[in-house]
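# Overview (structure and organization)
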Amino acid sequence: MNQGLPLFEQGRHLLSVSQFTRENLRVLFNLADAVDPIAQRQAVCTVLDGAMLGSLFFEPSTRTRLSFESAFLRLGGEVTTTTGFTFSSMAKGESIADTSRVVSGYSDVLVVRHPDEGSVAQFAEASVVPVINAGDGAGEHPSQALLDVYTLEKELNRRGKSVDGCHITILGDLKFGRTVHSLMKLMSLYDNLTFSLFAPVSLELPGEVERYVTARGHKVRFVDTVVEAVRGADVIYATRVQRERMTEELAQANARGDLLNWAILAEADNLEAILMHPLPRDSRPDSYDLSSDVDDLPGLAIFHQTDNGLNVRMAIFLTALGVSNEAVTMTMKRRPWKATLRP
């Protein structure tokens, strides 16, 4: 399963979902459950007092960057951050190796996003502290897959179902969508899954990901219409077209309108399905993404995903730095203040 990478644990980089077994995935999820009072702002914690996060984002990000930084701060740590190449010495020609070695000397853990596939692994090779992959081009996005599966488990459990044996439909850009690649690989740890896939022309799933999944005994169906794809699915995972990773010709050739909307779900007789999306959702007209007209449906889980990202990313930091559930509990206390919504 791990393709030569060590299991993710104390003092290890997190570069790929292939670093998980079902057993150590459960350990991580248990830790994510344990920090829920902190994520919910019901308690404060100082277990990472004095620890420093180096947050290096060389590609645009809102949720991932703020989620990682918020997670570290809520555990009592401190954050130094840089965004984009313009404000980095890489703009002066500094190598990944030199940047990583220098910044890791200022930090206890690094979180890195970079537009080039394989680049975060280069950071890890030169770093003297654990490196967390926050997305490397069209490669992987392991923390997103972890929070997606964590959310998926919870949503299915509310319905009395298990991830084992579930039918998940994945729609959209399956070629450049790194969240899809990591999600399918991580879900392969479960049993007897059926994946129904729909993608616009030229944005089909890479063969390597399909082979990875089918080699572990799961069924992969490629379908011609969105209606066919979503019919009978327990979970529907939509993802936007990654136009920034395409040639202009390919981007212009992509389908327009809605990828998935209320009418399509109604035609498929599946308005009750769990609806997921890694975000950001492209809300511009004809963006070919998940329509906002599904936002009142009972299965919408996209904001549960973003909320759960805090739990999972706190658990990632605690694992990499070797902090136990007990240590978290010992340094957790009820918050002395209360946030209220203004009228």
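Here the residue numbers are simple positions, counted from 1 along each chain's written sequence. Given that this is a predicted model, residues contribute local features only at a pLDDT of at least 70 and side-chain atom pairs are listed and counted only at 80 or more, while totals for whole chains, interfaces and linings are drawn from all residues. Computation of side-chain values: all heavy atoms of the structure, hydrogens and water removed.

On to the overall build of the protein. A run of H or I in DSSP counts as a helix once it spans at least four residues, and a run of E counts as a strand once it spans at least two, with each numbered from the N terminus. In terms of helices and strands, the protein carries 13 helices and 11 strands. Our radius of gyration is a C-alpha quantity, and the globule rule it is checked against amounts to 2.2 Å times the number of residues to the power 0.38. Compactness check: the protein gives a C-alpha radius of gyration of 20 Å against a globular reference of 20 Å for 343 residues, within 12% of the reference. Residue burial is assigned from relative accessible area. The probe radius is 1.4 Å, only protein chains are included, and a residue is buried under 20% of its type maximum, exposed over 50%, and partly exposed in between. Taking all 343 residues of the protein together, 55% fall into the buried category. Residue contacts are counted whenever heavy atoms from the two residues lie within 4.5 Å of one another. Of the contacts made within the protein by residues no fewer than 6 positions apart, 76% connect residues no fewer than 24 positions apart. Per-residue accessibility takes into account occlusion by the displayed protein chains alone, with areas from the Shrake-Rupley method and a 1.4 Å probe. As displayed, the protein offers around 15100 Å² of accessible surface, 49% of which is attributable to carbon and sulfur atoms. Within the protein, one finds 34 positive and 43 negative side-chain charges whose respective centroids are separated by 5 Å. Only four residue types enter the tally: Lys and Arg on the positive side, Asp and Glu on the negative side; His and the chain ends are excluded. Each charge is placed at NZ for Lys, CZ for Arg, CG for Asp and CD for Glu.

Think of each axis as a best-fit line through the C-alpha atoms, taken over the contacting stretch in the case of a helix, with angles from 0 to 180 degrees between the N-to-C directions. It is the contact of helix α1 (residues 22–34) with helix α12 (residues 302–320), at a shortest axis distance of 8 Å, that shows an interaxial angle of 115 degrees. At the point where α1 passes α12, the crossing takes the right-handed sense. On the side of α1, the interface is formed by Leu-28, Leu-31 and Ala-32, while α12 contributes Asn-311, Val-312, Ala-315, Ile-316, Leu-318 and Thr-319. We call Asp, Glu, Lys and Arg charged. Ala, Val, Leu, Ile, Met, Phe, Trp, Tyr, Cys and Pro are nonpolar, and the rest, Gly among them, are polar. Here the contact of α1 with α12 is built from residues that sort into seven nonpolar, two polar and no charged. Left-handed describes a crossing whose near helix is turned anticlockwise from the far helix by less than a right angle; the clockwise case is right-handed.

With that out of the way, let us pick up the sheet that holds strand β9 (residues 235–239). Here, any two strands with at least 2 DSSP bridges between them count as paired. One open sheet accounts for five strands, arranged β8-β7-β6-β9-β10; its pairing is parallel. On the outer flanks of this sheet lie β8 (219–222) and β10 (274–276), each paired with one strand and no other. Within the sheet, the average angular offset between the axes of one strand and its neighbour, ignoring direction, is 20 degrees. In this sheet, β9 lies alongside strand β6 (residues 167–172) in parallel orientation, the contact comprising five bridges. When the bridges of β9 are listed, Thr-169 appears paired with Ile-236.

This next bit is on helix α5 (residues 119–126). Along α5, the residues classified as buried are Ser-119, Val-120, Phe-123, Ala-124 and Ala-126. Along its buried surface, α5 packs onto β2 (52–57), α4 (96–104), β4 (109–114) and β5 (131–136).

Here we take up the nonpolar core. Core analysis: the largest hydrophobic core is formed by 68 residues, its most contacted members being Ile-170, Met-187, Phe-195 and Phe-317. A total of eight residues in this core trace back to one element, the largest contributor, which is α12. Counting 27 residues, the second-largest nonpolar core is a separate cluster that includes Leu-260, Leu-265, Ala-273 and Ile-302. Side-chain atoms within 4.5 Å are what join buried Ala, Val, Leu, Ile, Met, Phe, Trp, Tyr and Cys residues into a set we call a nonpolar core.

This paragraph deals with the pattern of salt bridges. A pairing counts as a salt bridge when a side-chain nitrogen of Lys or Arg comes within 4 Å of a carboxyl oxygen of Asp or Glu. Inspection of the entire model under this criterion finds 13 salt bridges. For Arg-158, the salt bridge is made with Glu-155, and the minimal N-O distance between the two is 2.6 Å. Of this pair, Arg-158 and Glu-155 both sit in helix α6 (residues 142–158), three residues apart, which is roughly one turn of the helix. Arg-158 gets classed as exposed once you look at its relative accessible area, which sits at 60%. Residue Glu-155 is classed as buried on the basis of its relative accessible area, which comes to 8%. The network of salt bridges with common partners includes Arg-22, Asp-164 and Asp-191.

Strand order in the open sheet formed by four strands is β3-β2-β4-β5, and the pairing between neighbours is parallel. This sheet does not close on itself; its edge strands, each paired only once, are β3 (78–83) and β5. Between one strand axis and the next, the sheet turns by 10 degrees as a mean value, whatever way the strands run. Bridge count between β4 and β5: four bridges; the pairing is parallel. Along β5, the bridge assignment pairs Leu-110 with Val-131. Running over the sheet, helix α3 (residues 63–74) touches β2, β3, β4 and β5 and is turned about 180 degrees from β2.

For a regular strand, side chains alternate in direction, first toward one face of the sheet and then toward the other. Pairing between strand β7 (residues 194–198) and β8: four bridges, direction parallel. Looking at the pairing, Ser-196 lines up with Arg-221 of β8. With strands facing away from the observer, any crossover in which the path from the first strand over the helix to the second runs clockwise is taken as right-handed. Note that the unit made of β7, helix α8 (residues 207–214) and β8 has a crossover that is right-handed.

Our focus in this paragraph is the pairing of β3. Across six bridges, the pairing between β2 and β3 is parallel. In the sheet register, Leu-56 faces β3, and the bridge partner there is Thr-82. After leaving β2, the chain enters α3 and then returns to the sheet as β3, a path that is right-handed.

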